[in-house]
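Notes for the structure review
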Amino acid sequence: MGRRGLGLTAVALETCLSSSKRLYDHVLGRTTETDAALKEAFCYGFGDLPENLELIRWLRAYNATQPPARQVRFYGVDLTGQYFPYAYRSVEAVLTFLDHADPALGREVRKQYTDLIPVFRSDKYVELTQVGKDSITGKVQDLIALIRRERTPLTAATSQDDYEWALRQAVSAAQDDAFLRSLPPEWDLLGKSPEKSEANASWNHKAEMRELAMADNLLWVEERECRRGKILFFAHDE
């Protein structure tokens, strides 16, 4: 890989941001995951590619020999749900962070989001009334506001790194919410076809929201890594 010559300190690719925190922690040696768990932490089938799992193993082995300043971090920059039924995972990730940082606050917030988890997913979202969608939007924005408001105690109870990830995971939930709100009612989420999407100019325009969200997430990675080194970013192009 020649990381030392290139000055790379991060790898980013087109997989879910929120669940990629598990991969991030694993390559830094903070946790130990099974191959099955690593595959699950990838999204949209990227975990089925043996090269991606080999990359994670290589990064973990490399980082074990390096001081923190030279360790290579791993990020996903894609939406967590979009037209797959996973948007709720961002909210779950934030709730898990709160459980660890402030158990009492975590229990209180979980009660408020019990009804959101089952429906904050693409196959359920389109069936919601406008009132139901507005409720999700409000709760997601409230979650972002809570994490920002409690920055000092949450950071003190965990770390700056974990706090920044939790805030970004909350932002990722808002990205998915905006994306799901834009879906046309007739969109076939579970059996979508390229022909249908190509014929729908309105949908193609709305799909640009995903590209903007990914660019914003990549900017977040760049801001975190700009003082450490360079980022290797790769994605597919249909």
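For the structure, see preceding data.
Fair warning: this is a prediction, and the values are worked out from it, not measured in the lab.

Some points on the environment of Arg110
Note that Arg110 resides in helix H6 (residues 103-112). Sequence separation between Arg110 and Val91 is 19 residues, and the spatial gap between their C-alpha atoms is 9.8 Å. Of the polar contacts made by the side chain of Arg110, one reaches the side chain of Glu92; its length is 3.4 Å.

Details of helix H10 (residues 160-181)
Residues spaced three or four apart along an α-helix point in a common direction, a consequence of the helix completing one turn every 3.6 residues. Helix length check: H10, at 22 residues, gives a terminal C-alpha distance of 32 Å against a target of 32 Å (1.5 Å per residue), a fit within 8%. For H10, a buried count of 17 out of 22 residues is recorded, marking the element as mostly surrounded by other parts of the structure.

Thoughts on unusual backbone geometry
We note that Tyr44 has phi near 60°; this positive angle belongs to a residue other than glycine. The topology assignment puts Tyr44 in the loop between helix H3 (35-41) and helix H4 (50-63). Assessed through its relative accessible area of 22%, Tyr44 is described here as partly exposed.

Rules and cut-offs
Residues numbered from 1 in each chain as written. Predicted model: local features only at pLDDT ≥ 70, side-chain atom pairs only at ≥ 80, totals over all residues. Heavy atoms only, no water. Helix = DSSP H or I, 4+ residues; strand = E, 2+ residues; numbered from the N terminus. Polar contact = N/O pair within 3.5 Å; in protein donor to acceptor, adjacent residues only side chain to side chain. Expected span 1.5 Å × (residues − 1). Buried < 20%, exposed > 50% of the residue type's maximum accessible area, 1.4 Å probe, protein only.

Remember that the coordinates give geometry; whether it matters functionally is a separate question.
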